[in-house]
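Report on the structure
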Protein chains: 2
Amino acid sequence: MITPQTLRGFRDFLPEDAQKRQYAIDIIRNTFELYGFVPLETPAIEYLEVFTGNIGEDEKLFYKFKDAGGRKVALRYDQTVPTCRLIAQYPDKITLPFKRYQIQTVWRAEKPQKGRYREFLQCDADIFGVDDRSSDAETVALTIDIFKNLGFNRPIAIINDRELYKDIPYKAIVTIDKLDKIGEGGVVSELSAKGYNQEEAVNLLSSVKNSKPNEKLTQIFSYLDNYGMQGNYQFKPTLARSFSYSTGTIWEIIVEGFESGSLAGCERFDSLVSRFSKRSVPGVGFAIGFDRTVLAMDELGLFPPLKTKTKVLVTVFSAELLPESQKVTKQLRENGINTDLYPDPNDKLEKQIKYADRKSIEFVAIIGPDEIEKKSVTLKNLKSKQQITVLQKDLSDVLKKA
Amino acid sequence: MITPQTLRGFRDFLPEDAQKRQYAIDIIRNTFELYGFVPLETPAIEYLEVFTGNIGEDEKLFYKFKDAGGRKVALRYDQTVPTCRLIAQYPDKITLPFKRYQIQTVWRAEKPQKGRYREFLQCDADIFGVDDRSSDAETVALTIDIFKNLGFNRPIAIINDRELYKDIPYKAIVTIDKLDKIGEGGVVSELSAKGYNQEEAVNLLSSVKNSKPNEKLTQIFSYLDNYGMQGNYQFKPTLARSFSYSTGTIWEIIVEGFESGSLAGCERFDSLVSRFSKRSVPGVGFAIGFDRTVLAMDELGLFPPLKTKTKVLVTVFSAELLPESQKVTKQLRENGINTDLYPDPNDKLEKQIKYADRKSIEFVAIIGPDEIEKKSVTLKNLKSKQQITVLQKDLSDVLKKA
């Protein structure tokens, strides 16, 4: 016998969790579409070289292997890099400017810990082909609206511009990015370890902390005000983002009451497509960390009760009377009512009602000899414990109104 | 520069195709839920041993590799086997009977050809924990209803029972399964190559062809009649299904006008969970080949026009007037109208209207100096070429009715 187990960092989603996830995905998808973004999908497996050289320090986290044909391949590490590959691959099919969204799984060989998995879902939206900062404002507004629509009280986009750092080497940016995690002392000692002397390190950090929004950021803030987003953004000069391809605007989303970090990572990336193409195609957009968002929604109680979408369980009185239950089931489904037919005619009615109760199905329909004679159905509400008799032909209407 | 390319057998889905896929997925998901099935997700990567010994001849098609920790792992090959693993893993959380659906990607190292890819989507539904054939009828009815709801004219479930073969060795079943592909001559010669003499091979095939429905099949047919499925099923004694775990009822879905094979593979599998658990948990259900289904829908013209869900493009008259366009956009989105704001204020109006046209967005809204003075918007229908002037405050209502 094989031990039933999953790999560390990988998860099964049982029905209640799967339903929660679908609820959040539907809201995110609808908000993407409200903003006029169109969907896109890329493969789970790419040539390894698509990802290498783009990601920065974290390339050791690639899920990479050789396929049966000996090709070096990697599982999708993010969705921005494959989309840049795609834009370069279909110059005749992709018209710029291009606003796309993408909701797919990515894989990273992270050390598993609370809220961090090796397989997780990302929800991305990006605008390609526009250098103007109005696109940055449009995507910032979209991130904020998504978190509002998910039910968060006051999501905040913390915003900065990598151009404020243009004289600071990448190795120092990676360290400053850790400020919230390791504190000022930690940053200074890590900078020292990277070759800055103590005074240089302290000055570097202090100049970053005291920098002011540049003209481009001021412009974005005024656009955000036009979108009615006053109170949903903040300049944060110490925000760094460690991706090596980040170029201009960078932002993250934080929410009140959830302390385990930001829920979306967002940036301008003006040279990423040029790794695959001679065309210069600037880009700006974001990735929502879906799993952390679900965790935050759970902690803040933002999910409505979601145990089932099934409205009624049609029970089976006995094997002989199964055909009557099948006919009632057929009629309900034809009227668009989500209907479960109890799957085993040999189980007792009591067990069937328990099954409905455990699955949080609100109604059970009972069709026994009496009911058949009167062409009726006994309809029981498992919440209120009320029980009524309904003519079979009226059952769909009664349930639609219930 | 890196050549932008995808691996053979893997595909990008550009927006129009991605939207088609989402359209079909939504219908399939809704039909699963109409039947009272609940969703489930399993990881993309499992211990290799989860899959080995279950699949039959095709185990050479596994996408398998060693992960960074040296574990032998495989990408999800199907959804039935991982769900059996899951049922064994959470005995306290899964109450039987259990009706679940699953819509996820699977990977097989197939030789790529028309309609056959290395990465594809499967849509499964299964009932676990019930031996009674009423469950078989419920899942057969569900397969038929899905294809009806997708718009197919008269989907047919071709049905057989592996118990009719109980005296025939598995190696012969695998060969008989190829009948539609290689013909009777092909089957006889393959059986001969497997050690049957010519007469035995001919007799074997002829006895299969002439077998009659057993009592269990007759029962299922009568249940299907109760579901109103007369005319949507056919007994097919030569149907075999090559999975080694198939035990009782087997069926596939074929549709008129599409000759490239069946669109769903379906079976009873009563001993699969026992590979992971001491509990005996029978199962019955199916997997829809989503990609082939989309191909069939395309060939038969079953997709409605689906180029975009965006209702209106708000154009940008000039960089100075961008704030007005942003405010109109905000108002439309607040009223739930899918609205694209043209992303580059430096492009000419003509280019912006072409963009809307190419994306099949029906309306463009123009806000120039005249409109701003009158607090109005010029609304142009790109299909009818009609143009009207609307007060800004009435724009949402006008578009909702359009």
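Please read all numbers here as calculations on a predicted model, not as lab measurements.

Looking only at helices and strands, chain A has 13 helices and 16 strands in total. Taking 402 residues into account, the globule formula puts the C-alpha radius of gyration at 21 Å, and chain A, at 27 Å, lies well above it. For chain A, with 402 residues in total, the buried portion stands at 59%. For chain A, long-range pairs separated by at least 24 residues make up 69% of all intrachain contacts whose partners lie at least 6 apart in sequence. By element, 47% of the accessible surface of chain A is carried by carbon and sulfur atoms, the whole surface being about 16400 Å². The centroid of the 58 positive side-chain charges in chain A is displaced by 3 Å from the centroid of its 56 negative side-chain charges.

This brings us to the domain arrangement of chain A. One can read the domain layout of chain A as domain 1 (15-299) and domain 2 (312-401). Summarising the inter-unit geometry, the C-alpha centres of domain 1 of chain A and domain 2 of chain A are found 50 Å apart.

Residue and element names in this part refer to chain A. One open sheet holds the three strands; their spatial order is β2-β4-β3, and the pairing between them is antiparallel. The sheet is open, and its two borders are formed by β2 (45-47) and β3 (64-66), each paired with just one other strand. Averaged over all pairs of adjacent strands, the angle between their axes in this sheet comes to 40 degrees, without regard to strand direction. The pairing of β3 with strand β4 (residues 72-75) spans three bridges and is antiparallel. Among the inter-strand pairings, K66 is bridged to a residue of β4, identified as K72.

Residue and element names in this part refer to chain A. Two elements in contact, helix α1 (residues 15-34) and helix α9 (residues 290-299), have axes whose closest approach is 11 Å; the angle formed by their N-to-C orientations is 110 degrees. In terms of axis orientation, α1 runs roughly perpendicular to α9. The two elements α1 and α9 cross, and the hand of that crossing is right-handed. Touching K20, R21, Y23, A24, I25 and I28 of α1 are F290, D291, M297 and D298, all from α9. Looking at the contact of α1 with α9 residue by residue, the classes come out as six nonpolar, no polar and four charged.

A word on the UniProt feature "binding site: L-histidine" (unreviewed entry) in chain A. Residues and elements named next belong to chain A. UniProt's entry tags D78, Q79, T80, R108, Q122, D126 and R241 with the feature "binding site: L-histidine" (unreviewed entry), counted in the numbering of this structure. Relative to the helices and strands, R108 resides in the loop between β5 (98-107) and β6 (119-128). In this structure R108 comes out as buried when scored by relative accessible area, which is 10%. For R108, the residues in contact, after removing those within four places along its chain, are L61, Y63, Y77, D78, Y117, R118, F120 and Q122.

The interface is formed by 91 residues belonging to chain B together with 91 residues belonging to chain A. Together, the buried faces of chain B and chain A total about 8400 Å²; carbon and sulfur atoms form 59% of this surface. Summed over the three residues of chain B that lose the most area to chain A, namely I2, L7 and R333 of chain B, the buried surface amounts to 8% of that side. In this assembly, chain B and chain A are joined by ten salt bridges. R21 of chain A is the salt-bridge partner of E41 of chain B, the closest N and O atoms lying 3.4 Å from each other.

Right, let's get into the sheet that holds strand β16 (residues 387-391) of chain A. All names here are of chain A. On the basis of which strands lie adjacent, the open sheet formed by five strands has the order β13-β12-β14-β15-β16 and mixed pairing. Sheet topology places β13 (339-341) and β16 at the edges, where each strand pairs with a single neighbour. The sheet shows a mean angle of 25 degrees between the axes of neighbouring strands, taken without regard to direction. Pairing analysis gives three bridges linking strand β12 (residues 312-314) to β13, with the strands arranged parallel. For V312, the partnering residue across the bridge sits in β13 and is T339. Contacts from helix α10 (residues 322-334) reach β12, β13 and β15 (376-381) within the one sheet, and its direction differs from that of β13 by about 165 degrees.

Overlay of chain B on chain A (RMSD 0.1 Å): rotation 180 degrees, translation along the axis 0.0 Å. Those values place the two copies in the arrangement expected of a two-fold rotation axis. Residue F65 of chain B, judged by its C-alpha, is the member of chain B lying nearest the rotation axis, at 3.3 Å. Both copies present the same face, since 100% of the interface residues in chain B are matched by interface residues at the equivalent positions in chain A.

Once that is clear, we can look at helix α10 (residues 322-334) of chain B. All names here are of chain B. Over its 13 residues, α10 extends 18 Å from the first C-alpha to the last, a length consistent with the 18 Å expected when each residue adds 1.5 Å. Those residues of α10 not exposed but buried are L322, S325, Q326, V328, T329, L332 and R333. Axial view of α10: buried residues confined to an arc of 165 degrees, hence all on one face. One or two steps after α10, the chain reaches G336, where phi turns positive at roughly 80 degrees.

Quick look at the pattern of salt bridges now. Inspection of every chain in the model, using the stated rule, returns 58 salt bridges over all chains. In this structure, D67 of chain B engages R71 of chain B in a salt bridge whose closest nitrogen and oxygen atoms are separated by 2.8 Å. Classification of D67 of chain B by relative accessible area gives buried; the value is 9%. In this structure, a network of salt bridges that share partners links the residues R133, D136, E163, K216, R268 and D270 of chain A.

Residue and element names in this part refer to chain A. Positionally, D136 belongs in helix α4 (residues 134-149). Among the polar contacts listed, one links the side chain of D136 to the side chain of T249, at a separation of 2.5 Å. Once residues within four sequence positions are removed from consideration, D136 is found in contact with I220, T249, W251, R268 and V284.

Take helix α8 (residues 215-226) of chain B next. Under the 1.5 Å per step criterion, the end-to-end length of α8 of chain B is 17 Å for twelve residues, consistent within 8% with the ideal 16 Å. Along α8 of chain B, the residues that are buried comprise L217, I220, F221, Y223, L224 and N226 of chain B. Where α8 of chain B is buried, its residues meet α10 of chain A together with α4 (133-149), β7 (156-161), β8 (233-235) and β9 (249-254) of chain B. Following α8 of chain B by one or two positions, G228 of chain B adopts a phi angle in the positive range, close to 75 degrees.

All names here are of chain B. Inspection of the secondary structure assignment puts Q352 in helix α11 (residues 349-358). Residue contacts for Q352: discarding those within four places in its chain leaves L313, T315, V316, Y342, D344 and D347. A distance of 2.7 Å separates the side chain of Q352 from the backbone nitrogen of V316, its partner in a polar contact.

On to the side chain of Q392 of chain B, then. All names here are of chain B. One can find Q392 in the loop between β16 (387-391) and α13 (395-401). We classify Q392 as buried; its relative accessible area is 19%. Sequence-distant contacts of Q392, defined by excluding residues within four places in its chain, comprise V328, Q331, I367, K375, S376 and V377.

Moving on to the packing of aromatic side chains. Per the counting criterion, the structure on display carries 24 aromatic pairs over all chains. Plain terms: the ring middles of F128 of chain B and F269 of chain B are 5.7 Å apart, the flat faces sit at 70 degrees to each other, and that makes the pair edge-to-face. Of the two residues, F128 of chain B sits in strand β6 (residues 119-128) while F269 of chain B sits in the loop between β10 (264-268) and β11 (283-289), which places them 141 residues apart along the sequence. Looking at F128 of chain B, the relative accessible area reads 0%, which means it is buried. Since its relative accessible area comes to 1%, F269 of chain B is described here as buried. Three or more aromatic residues joined by ring pairs form one cluster here, namely F32, Y101 and F286 of chain A. One residue, R21 of chain A, lies across the ring of F13 of chain A, its end atom 3.8 Å from the ring centre. Directly above the aromatic system of Y35 of chain A lies the positively charged group of R333 of chain B, at a separation of 3.6 Å from the ring centroid.

Parameters at a glance
Residues numbered from 1 in each chain as written. Chains lettered and ligands numbered in written order. Predicted model: local features only at pLDDT ≥ 70, side-chain atom pairs only at ≥ 80, totals over all residues. Heavy atoms only, no water. Helix = DSSP H or I, 4+ residues; strand = E, 2+ residues; numbered from the N terminus. Rg over C-alpha atoms; globule rule 2.2 N^0.38 Å. Buried < 20%, exposed > 50% of the residue type's maximum accessible area, 1.4 Å probe, protein only. Contact = heavy atoms within 4.5 Å. Areas by Shrake-Rupley, 256 points an atom, 1.4 Å probe, with all protein chains shown as cover. Lys, Arg positive; Asp, Glu negative; His and termini not counted. Charge placed at Lys NZ, Arg CZ, Asp CG, Glu CD. Domains from an automatic or database assignment. Pairing = 2+ DSSP bridges. Axes fitted to C-alpha atoms, helices over the stretch in contact; angles between N-to-C directions. Parallel < 35°, antiparallel > 145°, perpendicular 65-115°, else oblique. Left-handed = near helix turned anticlockwise from the far one by under 90°. Nonpolar A, V, L, I, M, F, W, Y, C, P; charged D, E, K, R; others polar. UniProt positions renumbered as here; feature names shortened; annotations may be inferred. Buried area = accessible area lost by both parts, 1.4 Å probe. Salt bridge = Lys/Arg side-chain N within 4 Å of Asp/Glu carboxyl O. Least-squares fit on C-alpha atoms with pLDDT ≥ 70 in both. Expected span 1.5 Å × (residues − 1). Arc of directions from axis to C-beta. Polar contact = N/O pair within 3.5 Å; in protein donor to acceptor, adjacent residues only side chain to side chain. Phe/Tyr/Trp six-rings, centres within 6.5 Å; stacked < 30°, edge-to-face > 60°. Lys NZ or Arg CZ within 6 Å of the ring centre and 35° of its normal.

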